[in-house]
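What follows is the residue order along each chain.
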Amino acid sequence: MKVLKTYFEVFDILRNEFLDFKLRTEIVPIKDAVNRICAKDVVSSIDVPHFDKSTVDGYAIRCENTFTANDENPAIFDLIGEVKTGEIPAFEIESNRAARIFTGGWLPDGSNAVAMLENTVEEDGKFFVFRPVKPNENILKKGEDIKKGCVVIKKYQRLKAPQIGVLAAIGQKDVEVFSKLKVGIISTGDEIISHDQKLEGAKVYDINSYTLYAACSEEYADAKLYGIVKDDYSALYNVVQKAILENDIVLISGGSSAGMYDNTLKVISSLEDAKILVDGISIKPGKPTIIAKVQNKAIFGLPGHPVSCLFIFKFFVKKLIDIILHQEETDRKVLAKMKTNFAISSGRTEFVFVKLVYSDEIIAEPLYGKSGSINLLNNASGYIRVDNTKTGIKAGDVVEVILL
Ligand SMILES: Nc1nc2c(c(=O)[nH]1)N[C@H]1C(S)=C(S)[C@@H](COP(=O)(O)OP(=O)(O)OC[C@H]3O[C@@H](n4cnc5c(N)ncnc54)[C@H](O)[C@@H]3O)O[C@H]1N2
Ligand code: MOO
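Residues numbered from 1 in each chain as written. Chains lettered and ligands numbered in written order. Predicted model: local features only at pLDDT ≥ 70, side-chain atom pairs only at ≥ 80, totals over all residues.

- The name that an unreviewed UniProt entry assigns to the protein is Molybdopterin molybdenumtransferase, with the source organism given as Caldicellulosiruptor morganii.
- Of the comments in the UniProt record for the protein, the one headed Pathway (unreviewed entry) reads "Cofactor biosynthesis; molybdopterin biosynthesis." (UniProt positions renumbered as here; feature names shortened; annotations may be inferred.)

Given below as structure tokens:
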């Protein structure tokens, strides 16, 4: 009998085999770089800001002149000019002198603080400050935000709006990112038809090509569909061989279990330089999953049942993509209270699909359905992992739900 691997053994295998996967890189404009992963450390070649600047509208002064100021005895300054934002002031600030300055303005030499407009009174070329102003008050110092020479974005860091902002601040128009992984998708089965064909007899529409394609676009992957292949060894062999040449990961759905027309394992095994890493996993759904390494690329034989197929993508293919891209745990999780009991009996680690109901607390309602029913996933907010050492979950138990 086949020895099934546990899901954590499979994670370890994926890490051992694919952590050093050679990624391609490309250069993209920063406006298009959101959600991309940075391909090398980015070092700032400038200080940000590159001059001491005012963070408020007010008056550039020497703060020492205000230390004894209060409502009865304000500090009094002569107004000597105005700093135009975007220009370097041509004057210096001496003791008891001040210049009008606006938010973002270049702090004139000699000054070391800005008195905020609201705390001052201006009258006849003089102005009055009624409370002490601290050194550097209302000033962003040169390099205070970003120091020249420091690493602002690390290799493998995902670029979100703040990171794009940092790149813009240091004057970088483009950024080098990892190219998305190329994923080839093949559906197999004599009964599977495309949407151009008429639904008749025991035929079924192809679901897996579309769920896998959609799931790839939710991850760091560009998918290509290779269509539907009949349950025929040579036909599948030819398509898989083409797909492995053109992609980093190949996903074959259907034909992964024990039936006489299930060709996936035979085809993968016969490819040049093929190493079968996993043939069966002790989980439900998704037991008949195959994973192989071929020419340093990954091939998955995914179970044909649409729920199992998409779930295995979410659980293992996504994991592989995250490993290759050195991403930390990217699953989004919430804690919820189980609404009813749920028994498990397979002796494997089971994944229970749940619908979350948000009231005073978050309630997880288990969904019942077979692996073939795609609408089960349509109604699911996420899933719970129940290890095979347990017999189930009880109503009221707090469970961790991984969001779909
Ligand atoms: N004797 C055994 N039979 C089965 C086992 C087993 O261990 N021993 N495992 C069962 C489990 S678990 C699953 S899951 C399925 C997986 O089977 P295959 O990967 O070989 O898939 P098929 O037999 O080709 O298809 C299963 C089911 O899914 C439908 N399907 C397939 N592809 C698509 C598609 N692209 N779009 C929509 N639906 C698809 C197909 O018509 C079948 O109904 O095997 C169990 N059997
Ligand atoms: O992959 Mo199967 O869904 O356990 O029936």
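Moving on from the coordinates now.
**Observations concerning the packing of helix H1 (residues 7–18) against helix H6 (residues 306–324)**
Part 1: Contact pair H1 / H6: the axes reach a minimum separation of 10 Å and the direction vectors enclose 35°. The handedness of the crossing between H1 and H6 is right-handed. Together, Val10, Phe11, Leu14, Arg15 and Phe18 of H1 and Phe316, Lys319, Leu320, Ile323 and Ile324 of H6 make up the contact between the two elements.
Part 2: Considering only residue class, the contact of H1 with H6 consists of eight nonpolar, no polar and two charged. (Axes fitted to C-alpha atoms, helices over the stretch in contact; angles between N-to-C directions. Helix = DSSP H or I, 4+ residues; strand = E, 2+ residues; numbered from the N terminus. Left-handed = near helix turned anticlockwise from the far one by under 90°. Contact = placed C-beta atoms within 7 Å. Nonpolar A, V, L, I, M, F, W, Y, C, P; charged D, E, K, R; others polar.)

**Considerations on the domain arrangement of the protein**
The extent of an interface is frequently quoted as the accessible surface area lost upon association of the parts.
Part 1: The domain boundaries assigned to the protein delineate domain 1 (7–23 + 180–324), domain 2 (25–48 + 144–178), domain 3 (53–140) and domain 4 (333–403).
Part 2: On a C-alpha basis, the centroid separation for the pair domain 3 and domain 4 is 63 Å. (Domains from an automatic or database assignment.)

**Digging into the site of ligand 1**
Part 1: Close contacts around ligand 1 come from 26 residues, with Asn208, Gly254, Ser256, Pro303 and Gly304 the closest.
Part 2: Here the residues of the shell around ligand 1 sort into seven nonpolar, 15 polar and four charged. (Near = placed C-beta within 6 Å.)

**Looking at the sheet that holds strand S4 (residues 58–61)**
Part 1: The mixed open sheet is built from six strands, whose spatial order is S7-S4-S6-S5-S9-S8. This sheet does not close on itself; its edge strands, each paired only once, are strand S7 (113–116) and strand S8 (120–123). Direction aside, the axes of adjacent strands within the sheet are offset by 40° on average.
Part 2: Both S4 and S7 contribute to a ladder of four bridges, which runs antiparallel. Pairing of Ala60 across the sheet is with Val114, part of S7. (Pairing = 2+ DSSP bridges.)

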